[in-house]
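Observations on the model geometry
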Amino acid sequence: DEYEFRSQDERKAVNFAIEKITSRNAGFDNRDLGKEALEYALKELISKQNKEVTKEDVDKIIEEKRASGELIIGKHFDDGIKWTTKEILELERSIIAGLKKGANKLEPLLDPVTLKIPTEEINLTKDQKNAISLIATTKDQYVIVQGYAGTGKTAMFSQIKKMLKETDNNPPGKIKMLGLAPTHK
């Protein structure tokens, strides 16, 4: 039927919107999802290909994705419905499982009692000092540090690396730190 044929365009718009939004956020609201889908439809489908896409059509695809389990409703807040995807939930569950599996697996990198964070060469915020303390004294195998670009994560890790080099109980190659960050490109 005609709607089934047309629904491919709305599906393309909603898929694009989900991909774009989830490249930046694990959770998103219904308004942003619809807006991104309609902006894509306007730029790519309506203006370039003369295809018809309406808000109602986009809403039907969103509801279809919810019914299939691809989109998952979080909570309804005053400002609207919050969504996530099945894939994001699975990824977050696997990350949490890995963190739990690595809990209390190691000796702390530095002694929590004698830990002193040098600040002569670098001006660290209270949160950076707290993160350094956590990383240096945890018994956990993994630590997640999250922050916006330019907030000092690299400077903080450089300080930890320096502190580890200056300690006696860290022969070269004994401790390996790995930092990973998505680029969303």
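So, how was this worked out
Residues numbered from 1 in each chain as written. Predicted model: local features only at pLDDT ≥ 70, side-chain atom pairs only at ≥ 80, totals over all residues. Heavy atoms only, no water. Helix = DSSP H or I, 4+ residues; strand = E, 2+ residues; numbered from the N terminus. Buried < 20%, exposed > 50% of the residue type's maximum accessible area, 1.4 Å probe, protein only. Contact = heavy atoms within 4.5 Å. Axes fitted to C-alpha atoms, helices over the stretch in contact; angles between N-to-C directions. Parallel < 35°, antiparallel > 145°, perpendicular 65-115°, else oblique. Left-handed = near helix turned anticlockwise from the far one by under 90°. Nonpolar A, V, L, I, M, F, W, Y, C, P; charged D, E, K, R; others polar. Core = buried A, V, L, I, M, F, W, Y, C linked by side-chain atoms within 4.5 Å. Expected span 1.5 Å × (residues − 1). Arc of directions from axis to C-beta. Salt bridge = Lys/Arg side-chain N within 4 Å of Asp/Glu carboxyl O.

What to know about the overall build of the protein
Looking only at helices and strands, one finds 6 helices and 3 strands in the protein. Taken from N to C terminus, the helices and strands of the protein fall in the order α-β-α-α-β-β-α-α-α. Split into buried and exposed, the 185 residues of the protein put 26% on the buried side. Taking contacts inside the protein between residues at least 6 apart in sequence as the whole, the part at least 24 apart equals 60%.

Thoughts on the packing of helix H5 (residues 126-137) against helix H6 (residues 153-166)
When two helices pack together, their arrangement is given by the angle between the helix axes and the distance between those axes. The geometry of H5 relative to H6 is characterised by a closest axis approach of 10 Å and an angle of 45° between their N-to-C directions. What the angle tells us is that H5 and H6 run oblique. For the pair H5 and H6, the sense of crossing is right-handed. Touching Gln-128, Ala-131, Ile-132 and Ile-135 of H5 are Met-156, Phe-157, Gln-159, Ile-160 and Met-163, all from H6. Its residues assigned to classes, the contact of H5 with H6 comprises 7 nonpolar, 2 polar and no charged.

Here's the deal with the side chain of Glu-10
Mapped onto the secondary structure, Glu-10 falls in helix H1 (residues 2-22). On the accessibility criterion, Glu-10 (0% relative accessible area) is buried. In this structure, Glu-10 is in contact with Glu-52, Val-53, Asp-57, Val-58 and Ile-61, ignoring residues within four places of it in sequence.

Observations regarding the nonpolar core
Val-14, Leu-33, Ile-62 and Leu-71 are the most contacted members of the largest nonpolar core, which totals 17 residues. Only H1, helix H2 (30-49) and helix H3 (55-68) provide two or more residues apiece to this core. Beyond its immediate chain neighbours, meaning those up to four positions away, Val-14 contacts Leu-33, Ala-37, Val-58, Ile-61, Ile-62 and Lys-65.

Here we look at unusual backbone geometry
Here the phi dihedral of Asn-104 falls at roughly 55°; this positive angle occurs in a residue that is not glycine. Relative to the assigned elements, Asn-104 resides in the loop between helix H4 (86-101) and H5.

Looking at H6
Taking 1.5 Å of rise per residue, the 14 residues of H6 would be expected to cover 20 Å, and the 20 Å separating its terminal C-alpha atoms lies within 8% of that figure. Considered for burial, the residues of H6 that qualify are Met-156, Gln-159, Ile-160, Met-163 and Leu-164. Seen along its axis, H6 keeps its buried residues to an arc of 135°; they face one direction. With respect to the buried face of H6, the exposed residues turned more than 90 degrees away are Thr-154, Lys-165 and Glu-166. Buried residues belonging to H6 abut H5.

Things to note about the pattern of salt bridges
Pairing between side chains of opposite charge can happen when the charged atoms of each approach one another. Taken as a whole and judged by the stated rule, the model has 8 salt bridges. In this structure, the salt-bridge partner of Arg-31 is Asp-29, at a minimum N-O distance of 3.4 Å. According to the relative accessible area criterion, Arg-31 is exposed, its value standing at 52%. Where Asp-29 meets Lys-82, a salt bridge forms, and the shortest distance between an N and an O atom there is 3.6 Å. One end of the pair, Asp-29, is in strand E1 (residues 28-29); the other, Lys-82, is in strand E3 (residues 80-85), and 53 residues separate them in sequence. When its relative accessible area of 23% is taken as the criterion, Lys-82 is described as partly exposed. Through salt bridges that share partners, Asp-29, Arg-31 and Lys-82 make up one connected network.

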